[in-house]
Structures are given as C-alpha cells and as structure tokens.
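The primary structure of each chain is shown beneath.
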Amino acid sequence: MTPPTPPGPRHLIAFLPRLFGPSLVLVASLNLWNVYIEGNAQLASILSSRYLVQVPKWAIVGLGLVARPAWFYIGFYLERFSYWRAAKTLGAVLPPVVGDSTVSVISKRMKSIESGYPGMFTNRFRKEYGQGGNIVQLSLLGNRMAFTVEPEHVKAMLATQFDSFEKGPVIIGIFDSLLGVGIFNSDGDMWKFHRAMTRPFFTKERISDFEIYTRNCDRALELARGRLAEGYSFDFQDLVGRFTLDAASEFLFGYNVDSLSAGIAYPKHALHRTNSLFHSHASNSFLHAFNKGQHQLAVRMGAGPNWPFFEFWKNKIVPLREEIDHFTEPILNEALANREQKLGSKAPGSDEKMVEEDNTLLAHLVNHTQDPKILMDELVNLLVAGRDTTMSLLTFAVYMLIENPHIEHKLREEVFEKVGLRDTSTHGNMRDMRYMRAFLNEVLRLYPSVPLNGRRTNKPVVLPSKNPTEAPIYIPAETATIYSVFYIHRRKDLWGPDALEFDPDRFLDDRLHKYLTPNPYIFCPFNAGPRICLGQQFAYHEATFFLVRLLQQFTNFKLDESENIKPPKEWKSVEGPQGRDHVVPDVGLTMSVKGGLWMTMQELKVDDI
C-alpha cells in the first residue's frame, strides 16, 4: 500500500503563493523597473529624473517585507467595505470583528480544546468583541468564520435557509481522514443518498427491539457488579461506551462486536489486576483508535483550515482509521458475502432488490451500493452516532444522579410505578415516564452530546435578529458559521434566571411554555430541520432502558475522587455548572468526561425501596 502523502508539504505549496505572492510580485516589478531605467538612460535624461529613477535595493527589500501585511490589510478593509455596502443595501449590518491576531485566536482555540471548558474561547470572543450581541466574526489567514449563540441564526441555518448552508470543503476536508464521505461528512446528493438509506431503519418498530438492549445492558451491569464485589471503582463511561457499541453494532449491522467480553479496566492503583485479554482484545484497539481519532479531529477544528501545518509530515488520523477499518472490515465482508449468497439462490431474472428481506441497515446498504469506501465510511459514521452520543448522554446522566441524589429517588419512584421492581421496559411505559424524559432533556441541555456545530454559507445570507428593532446580520458567501449549542442551552435570557441550575422540572412546569414552546430552537441537542438526527428516539430509548435497569438494581452513586481528573481551581469562581463540576468535560466529535467517570454504587436492597 502506498503511504499517504504528508498533508503539510502539499498544503504549504498551496499556501505559499498567498503568503509570498504580493511580495514577489512587488519585488519583481521594482527590479524590472530598474532594468527598464538602465536600458533607457537617454530617455531618462530627456524626461524629468523625478519620475524615472531607480529604486534602491534597500527600498526594494523593505517594500517586499511590508507588501504581504499591507496587501492583507488593504484587502481586508476593501473586502469588508464591499460587504458593508452589500449589507447596507439589504438593510443589514456586519457582525462585530474579533480583534485578536490569527496566532492568538489559534492559540486560544488549542488551549481551550486541551484544557478549557467546552466552547469557552468562542463565548469569550463574543463577550469581548460582540458589542452586546450574540455573534462575532474573525478571519484566520483569509478564511472567514462567524460564531453565534443566537437561536434565530441556528433556525436559519438548520431550517428556514437550509439550502444556503452546507458542510463545505473545509469541514469535509478536516473530517475526511476519519469520516470519509459518510452521512455526517457529506453534502448534496451524497448526503441525500445516505439519508434516504438510513431513514427506514429508525422507525418506532425497529428502535423498540428491547431484546438487544436487554442482552447488552445485563452484561454491562454484571461487569460493574463483579468489579464492585472486588472492592474497586469502575469507569462508568467506558462501561456504557461498550454497551452502546455492542447494542448499536447489533442493531445496525446484525453483528455484535462484543466489546463487553473484553471486560473493564481496573483503577490506576490496581492496573496490575487487569487480565491479558483486556489488552489483546480486538475491540480495545478499535476503541482506542476511535477515541483518539475523534480527539484529533477536535484539535484540527481548533487549527481551522490550516490544520495540515500541525500534522506536517504525517496525517495522524490515517493510521487510526486503518485500525478502525481492520476491525470493521470483516463485518462488511460478511454482509457482502450474504448478499452474493442471496443473489445466487434467486431464480434467473428475478428482482435483485431484496429490500423487503433486509433486516439490518448494513444489509440494506449493500443492496444499494457495493462501493467499499462508501460502505466503510458509512459504518464509521453510524458507529459514531450509535455509540458516542448515547454514551455521552448516559455518562452525564449518571454524573447528574451523583450530584443530585434527590433526583435519583424521584426517578426510581417513577420507574417502580411505571415499570415495576424487576420488569423490563416497553415502548408504552417509556412513553409514560415523563419525568425520565424531562431528566434526559435536562442532561442534554446542560451537557449536550454535540456541544458545537457549524455550517458554511454557499451564498450571501441575511440572518434575522430576534429583536425587531435591531438590524439583521449579513454573512458573506463562503463563511464558516459555527454555533454553540452548549452556550445557547445555558443562556439565562432564553431559559430564565435559573438556567444554570440542573432542574428536570423545567421541561414539565410552566417554564416549558414560557421559554421553550415559543422558541424551540433554544434546545437543539439533536440538530433540527432536514438534518435532524435520525437516531434521536433510538438514543432516548436506549438511555431510558439502561437507566431503568440501573435504578432497579443499584443506588448510592458516588464519584471515586482519587481516580477522576479534577477541574482546574480557577473554575471554582465561575457561576453555574463550571464552578460546581467535579469532572472535566472533554470535546471531540461528542462530549465526554476526560479520563472517564470513575464511580462506585451499591446493590439496591428491599429495605432501600
């Protein structure tokens, strides 16, 4: 296999003309002028020497050095003036500009990704430069970006002006190494193809296959029970990550990757007790590559379009994707072989479209395309969706139970009333557990699985203002427009004075009708519009099922303070969850707890009920 071309040199070659072009053109022009003067000395003596003089070499060098920054600033202000005129024509205004330098912006973004609170750097820019509004814009080496926390802008991007926005080549390029041309990294016809293929497999009947949940949930809880019996804490995030991976692979592909069979890790002080199977199990190398690849994508997003400079000699995601493909390729090969077997058993001339026989999404996909790249990319995309979002939801749900014991008791009362002490959840009693749904919504409000999202304008757009007395916002074409679900969900002016408090009742009492009902785009944990998450109800079902099982069997959830990564001391002074958190939220493609959620719990006894 030919090794991939290093991304840095290729990007540098494309970048150099923009960087040195103005200087080279100016220096070459001045040198040509001097040559012209030398060759036309007689003409120079006839005309005024004031106009036909040679430019000194020191001046050529000096002008060459300042040409690039001068060209940048002149171009920036001319471009901004043209946008200002276009905006004025439409009765709109431009977003305020972030005054930080490109180097400062990239540095702050990188620092925020590695050790900051989710989306902190974007919100800081909004506060410093937003002039009291909810949107700012900046330029990273000529690449325009806008950051917004305004629901009206999100509504325009996801619904009312959907066709004016796209993923765009920059985002697709950043994600390509891991997600390829899958549903989460495609536009136009390719996205429509993926959407049409996956939609039929998220009906109520299919996502209510509780036998899959039961098998994998019981195995996961048995692993936790065994570790607790040994007297050790366990990483709940890793446990539910394995549960959601096994359940998602079985539901989507008809093939359980069986990551739970590897077992779970011991805490740091007892790592020597971890058996060799855990380290050698194929699913662990897959999970390691999967998690590391997503983290690297977050780093790339921090660097923006110039991420290849940070992976100059080696694309850091390519070997991780190869590890992922090595694990998932047998699943795909088996699905293709099954298709060939079915085709071979059919009578000549019969219909090859066996859609009615497809009982898994993968079987459905291979009947519509046999392109291995499209299929492998889609497998990775679906595993991200099926595993990571629900893992994030369950992790932060249990973290909130740890932080709010009174909610644990209230949830358990509803579970016992609607499901029973040991019975299994059904679609009907899930629908009746209103407090459970409110609880999950509140978890998604304060800790959304995808805290940051964005699109790119493919034409100039005008984003509406919520306040009719304020002018709308003009966004030029080819502008990356990022919106922070995380901070929209925490705005007091949108959710009320108690927006920073964890309170599931806000989705049940008059606050629901006061804040959310008239403005539904203040709550977008699953996106909205044509690209709304198809697996939304699947995630609710899976999370509800697991929590019901958990609350039926365990109580007294507590953090293992010695194992969890502690937040920086300076967070303590911040209002809201950031100042109260005992774990560090981390953002890749989805949000997780950095270092895992190490915890203990106790078996629920009859006396506790």
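Quick caveat, the model's predicted, so the values are computed rather than measured. (Residues numbered from 1 in each chain as written. Predicted model: local features only at pLDDT ≥ 70, side-chain atom pairs only at ≥ 80, totals over all residues. Heavy atoms only, no water.)

Peer 1: Would you mind going over the overall build of the protein with me for this structure?
Peer 2: The helix and strand inventory of the protein stands at 24 helices and twelve strands. Taken over the C-alpha trace, the protein has a radius of gyration of 28 Å; the compact-globule value for 609 residues is 25 Å, and the two agree within 12%. Relative to its 609 residues, the protein shows a buried fraction of 54%. Relative to all contacts within the protein whose residues are 6 or more apart in sequence, the contacts with residues 24 or more apart total 75%. Of the accessible surface of the protein, which amounts to about 27800 Å², a share of 58% is contributed by carbon and sulfur atoms. (Helix = DSSP H or I, 4+ residues; strand = E, 2+ residues; numbered from the N terminus. Rg over C-alpha atoms; globule rule 2.2 N^0.38 Å. Buried < 20%, exposed > 50% of the residue type's maximum accessible area, 1.4 Å probe, protein only. Contact = heavy atoms within 4.5 Å. Areas by Shrake-Rupley, 256 points an atom, 1.4 Å probe, with all protein chains shown as cover.)

Peer 1: For this particular structure, what's the right way to read empty space enclosed by the protein?
Peer 2: It is a probe the size of a water molecule, rolled over the atoms, that shows where empty space is left. Scanning the model with the defined rule gives four cavities of 30 Å³ or more in all. Considered as a void within the structure, the second largest cavity measures approximately 80 Å³ in volume. Of all the secondary structure elements, the ones that give two or more residues to the lining of the second largest cavity are α3 (57–89) and β1 (135–140). No other element matches α3, which puts four residues into the lining of the second largest cavity. Broken down by class, the residue content of the lining of the second largest cavity amounts to three nonpolar, two polar and three charged. (1 Å grid on protein atoms, 1.4 Å probe; cavity = no way out; pocket = protein on both sides within 12 Å on 5 of 7 lines; lining within 4 Å. Points joined across faces, edges and corners; volume = space filled by probe spheres on them. Nonpolar A, V, L, I, M, F, W, Y, C, P; charged D, E, K, R; others polar.)

Peer 1: Explanation requested: helix α14 (residues 318–345) in the structure shown.
Peer 2: Because the α-helix completes a turn every 3.6 residues, residues three or four places apart line up on one side. Here α14 is 28 residues long and its end C-alpha atoms lie 39 Å apart, about the 40 Å a rise of 1.5 Å per residue gives. Approximately 40 degrees is the largest bend angle found in α14, and it occurs at Thr328, with the proline Pro330 only one to four residues beyond. Taken residue by residue, α14 has Val318, Leu320, Arg321, Ile324, Phe327, Thr328, Ile331, Leu332, Ala335 and Arg339 as its buried positions. Looking at the packing, one finds that the buried side of α14 touches α7 (168–179), α11 (236–253), α13 (282–303), α15 (361–366) and α16 (372–403). (Expected span 1.5 Å × (residues − 1). Bend = angle between axes of the 7 residues up to and from the residue.)

Peer 1: How should the UniProt feature "binding site: heme" (unreviewed entry) in the protein be read in this particular structure?
Peer 2: In this structure's numbering, the residues bearing the UniProt feature "binding site: heme" (unreviewed entry) are Cys533. Within the secondary structure, Cys533 is located in the loop between α22 (510–516) and α23 (536–553). Under the relative-accessibility criterion, Cys533 is labelled partly exposed at 30%. (UniProt positions renumbered as here; feature names shortened; annotations may be inferred.)

Peer 1: For this particular structure, what's the right way to read the sheet that holds strand β3 (residues 165–166)?
Peer 2: Note on sheets: strands pair through backbone hydrogen bonds, and any given pair is parallel or antiparallel. Strand order in this open sheet of five strands is β1-β2-β8-β5-β3, and the pairing throughout is mixed. Looking at which strands have only one partner, the edges of the open sheet turn out to be β1 and β3. As judged from the five bridges shared by strand β5 (residues 452–457) and strand β8 (residues 480–484), these two strands associate in the antiparallel manner. Note that in β8 the partner of Arg456 across the bridge is Ala480. The strands that helix α4 (residues 102–115) touches are β1 and β2 (143–148); relative to β1, the one it contacts most, it runs at about 110 degrees. (Pairing = 2+ DSSP bridges. Axes fitted to C-alpha atoms, helices over the stretch in contact; angles between N-to-C directions.)

Peer 1: Whenever I open this one, the domain arrangement of the protein confuses me. Can you help?
Peer 2: How big an interface is tends to be stated in terms of the accessible area lost upon association of its parts. The domain boundaries assigned to the protein delineate domain 1 (1–90) and domain 2 (188–343 + 358–450 + 525–608). For domain 1 versus domain 2, the distance between C-alpha centres works out to 53 Å. Counting from both sides, the interface comprises ten residues of domain 1 and, opposite them, twelve residues of domain 2. Both faces combined, the contact of domain 1 with domain 2 buries some 800 Å², and carbon together with sulfur accounts for 78% of it. Among the residues domain 1 hides against domain 2, the three largest losses belong to Pro7, Gly8 and His11. Together they make up 52% of the total. Across the contact surface, domain 1 and domain 2 share zero salt bridges. Run the count over domain 1 and domain 2 and you get two residue pairs in polar contact (both at pLDDT 80 or more). Residues that form the side of domain 1 that touches domain 2 fall into these classes: seven nonpolar, two polar and one charged. (Domains from an automatic or database assignment. Buried area = accessible area lost by both parts, 1.4 Å probe. Salt bridge = Lys/Arg side-chain N within 4 Å of Asp/Glu carboxyl O. Polar contact = N/O pair within 3.5 Å; in protein donor to acceptor, adjacent residues only side chain to side chain.)

Peer 1: Before we go on, may I ask you to explain a nonpolar patch on the surface in this structure?
Peer 2: A surface patch of nonpolar side chains, about 350 Å² in accessible area, is lined by Leu16, Leu19, Phe20 and Leu24. Along the polypeptide, Phe20 turns up in helix α1 (residues 7–39). (Patch = residues over 30% accessible without salt bridge, like charges linked within 9 Å, V, L, I, M, F, W, Y side chains within 5 Å.)

Peer 1: Would you take a moment to explain unusual backbone geometry for this structure?
Peer 2: With the exception of glycine, most residues fall at negative phi, and the peptide bonds are largely trans. Its identity is not glycine, yet Glu478 carries a phi of approximately 60 degrees, on the positive side. Structurally, Glu478 can be placed in the loop between β7 (473–475) and β8. Located in the positive-phi region is Asn527, a residue other than glycine, with phi close to 65 degrees. As for its placement among the helices and strands, Asn527 is situated in the loop between α22 and α23. Among the residues examined, Asn527 registers a relative accessible area of 18% and is labelled buried.

Peer 1: Help me understand the packing of aromatic side chains, please; the structure alone is not making it clear to me.
Peer 2: Aromatic ring pairs: the centre-centre distance and the angle between the two ring planes describe each pair. As enumerated under the stated definition, the model contains 24 aromatic pairs in all. Among the aromatic residues, those joined into a cluster by ring pairs are Phe210, Tyr213, Phe251, Phe538 and Phe545. Its end group placed over the ring of Tyr266, Arg227 keeps NZ or CZ at 3.6 Å from the ring centre. The ring of Tyr447 has Arg490 lying over it, and the distance from NZ or CZ to the ring centre is 5.4 Å. (Phe/Tyr/Trp six-rings, centres within 6.5 Å; stacked < 30°, edge-to-face > 60°. Lys NZ or Arg CZ within 6 Å of the ring centre and 35° of its normal.)

Peer 1: Looking at this model, I keep getting lost on the UniProt feature "transmembrane region" (unreviewed entry) in the protein. Mind explaining?
Peer 2: Within this structure's numbering, the places UniProt gives as "transmembrane region" (unreviewed entry) are residues 12–37 and 58–78. Across residues 12–37, the secondary structure splits into 100% helix and 0% strand, with the terminal C-alpha atoms separated by 36 Å. With 100% helix and 0% strand, residues 58–78 has end C-alpha atoms that lie 29 Å from one another.

Peer 1: Honestly, the pattern of salt bridges in this entry has me stumped. Any pointers?
Peer 2: Between side chains of opposite charge, a pair can form when the charged atoms approach closely. Per the stated rule, a full pass over the model turns up 32 salt bridges. Between Glu408 and Arg412 there is a salt bridge; the shortest N-O distance is 2.9 Å. Here Glu408 pairs with Arg412, and both are found in helix α17 (residues 405–418), just four residues apart, close to one helical turn. For Asp503, the salt bridge is made with Arg511, and the minimal N-O distance between the two is 2.8 Å. Each member of the salt-bridge network shares a partner with another, and the members are Glu442, Arg445, Asp498, Asp503, Arg506, Asp509 and Arg511.

Peer 1: Explanation requested: the sheet that holds strand β9 (residues 554–559) in the structure shown.
Peer 2: Strand order in the open sheet made by the three strands is β4-β12-β9, with antiparallel pairing throughout. Across the chains shown, the open sheet's two edge strands, defined by having one partner strand only, are β4 (234–235) and β9. Pairing analysis gives two bridges linking β4 to strand β12 (residues 598–603), with the strands arranged antiparallel. Its bridge partner lying in β12, Phe234 is registered against Met599.

Peer 1: Would you take a moment to explain the pairing of β5 for this structure?
Peer 2: Remember that side chains alternate between the two faces of the sheet whenever the strand is regular. With five of six residues buried, β5 is to be regarded as a mostly interior element. Bridge analysis of β3 against β5 gives two bridges, and the strand direction is antiparallel. By the bridge assignment, Glu166 is partnered in β5 with Arg456.

Peer 1: Is there a simple way to explain the side chain of Asn315 in this structure?
Peer 2: Mapped onto the elements of the fold, Asn315 is located in the loop between α13 and α14. A distance of 3.0 Å separates polar atoms of two side chains, one belonging to Asn315 and the other to Ser177. Among the polar contacts listed, one links the side chain of Asn315 to the backbone nitrogen of Ile317, at a separation of 3.0 Å. Aside from chain neighbours lying at most four places away, what touches Asn315 is Pro7, Ser177, Arg300 and Trp307.

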